[in-house]
Amino acid sequence: MTTTPLSISARLPKIHLDKSLVGRLEALAASVMRRSPDVGERLIDEIARAKLVAPDKMRGDVVTIGSEVTYRDLGMARLHTVTVVYPEDADIDQGRISVLTPVGVALLGLSPGATIFWNTREDEKRHLEVLAVKPPGTE
C-alpha cells in the first residue's frame, strides 16, 4: 500500500517574518542561488510560506535577524545558542550564524517549542527544536 506524502508546508511549523526584512532576504536568496541553490531555494520557500508581520507587531520570541536562539539538535542531543545575522555580520567563533546557512534559514521565523528539519551542507537531514529566543538588542 502506498501513501501520499503530506505537502511540505503541512509538515512545517508556522513561521512569522518581519515584513520590512522580506526585500533584503529575497535579494540575499537570489544572490546565493549560484553557489548554494539549496539554501537560496529554501529561503525563498520560507519567505513564501511565512505570515508577514509589521515590525511593531512582531513578538519578541520569534526568530528574526539579530535574535539569539537556543536550540537542541535532536539527532545529536546537543544544545546550541546562536545569533542569526546577515552574512556580513556572521562569525561562527562569536556564535553569529548567517541567515544564508542551512540552519540559519531553518531557524528564521520560529518560536520556542517549534521543531523543523534542515539539511546540512553535506546533505545530512537533521532536526532541531527551538528552546528559547531573545529578541534583537537584548542581553
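Preceding block: the structure.
Read on for a plain summary of the structure.

Procedures and definitions
- Residues numbered from 1 in each chain as written.
- Predicted model: local features only at pLDDT ≥ 70, side-chain atom pairs only at ≥ 80, totals over all residues.
- Heavy atoms only, no water.
- Axes fitted to C-alpha atoms, helices over the stretch in contact; angles between N-to-C directions.
- Helix = DSSP H or I, 4+ residues; strand = E, 2+ residues; numbered from the N terminus.
- Parallel < 35°, antiparallel > 145°, perpendicular 65-115°, else oblique.
- Left-handed = near helix turned anticlockwise from the far one by under 90°.
- Contact = heavy atoms within 4.5 Å.
- Nonpolar A, V, L, I, M, F, W, Y, C, P; charged D, E, K, R; others polar.
- Buried < 20%, exposed > 50% of the residue type's maximum accessible area, 1.4 Å probe, protein only.
- Arc of directions from axis to C-beta.
- Patch = residues over 30% accessible without salt bridge, like charges linked within 9 Å, V, L, I, M, F, W, Y side chains within 5 Å.
- Areas by Shrake-Rupley, 256 points an atom, 1.4 Å probe, with all protein chains shown as cover.
- Salt bridge = Lys/Arg side-chain N within 4 Å of Asp/Glu carboxyl O.
- Lys, Arg positive; Asp, Glu negative; His and termini not counted.
- Charge placed at Lys NZ, Arg CZ, Asp CG, Glu CD.

At a minimum axis distance of 7 Å, the contact between helix α2 (residues 22–32) and helix α3 (residues 37–49) shows a crossing angle of 155°. In terms of their interaxial angle, α2 and α3 are classed as roughly antiparallel. Here α2 runs over α3; the crossing is left-handed. Residue-level inspection shows V22, L25, E26, A29 and V32 of α2 in contact with α3, the latter providing P37, G40, L43, I44 and I47. In terms of residue class, the contact of α2 with α3 is built from eight nonpolar, one polar and one charged.

Of the residues making up α2, those classed as buried are V22, L25, L28, A29 and V32. Considered in projection along α2, the buried side chains sweep an arc of 125° and stay on one side of the axis.

What follows concerns a negative patch on the surface. On the surface, a cluster of negative charge is made up of D38, E41, D45 and D123. Checked against the element boundaries, D38 lands in helix α3. Taking the relative accessible area as the measure of exposure, D38 reaches 59% and is therefore exposed.

Another point: the pattern of salt bridges. Taken as a whole and assessed by the stated rule, the structure comprises nine salt bridges. Ionic pairing is found between R42 and E46, a salt bridge with its closest N-O pair at 3.8 Å. Placement of the pair is R42 and E46 together in helix α3, with a separation of four residues, close to one helical turn. Where salt bridges share partners, they join R42, E46 and R49 into one cluster.

Turning our attention to unusual backbone geometry. Non-glycine residue A77 carries a positive phi angle of around 55°. Mapping A77 onto the fold places it in the loop between β3 (68–73) and β4 (78–85).

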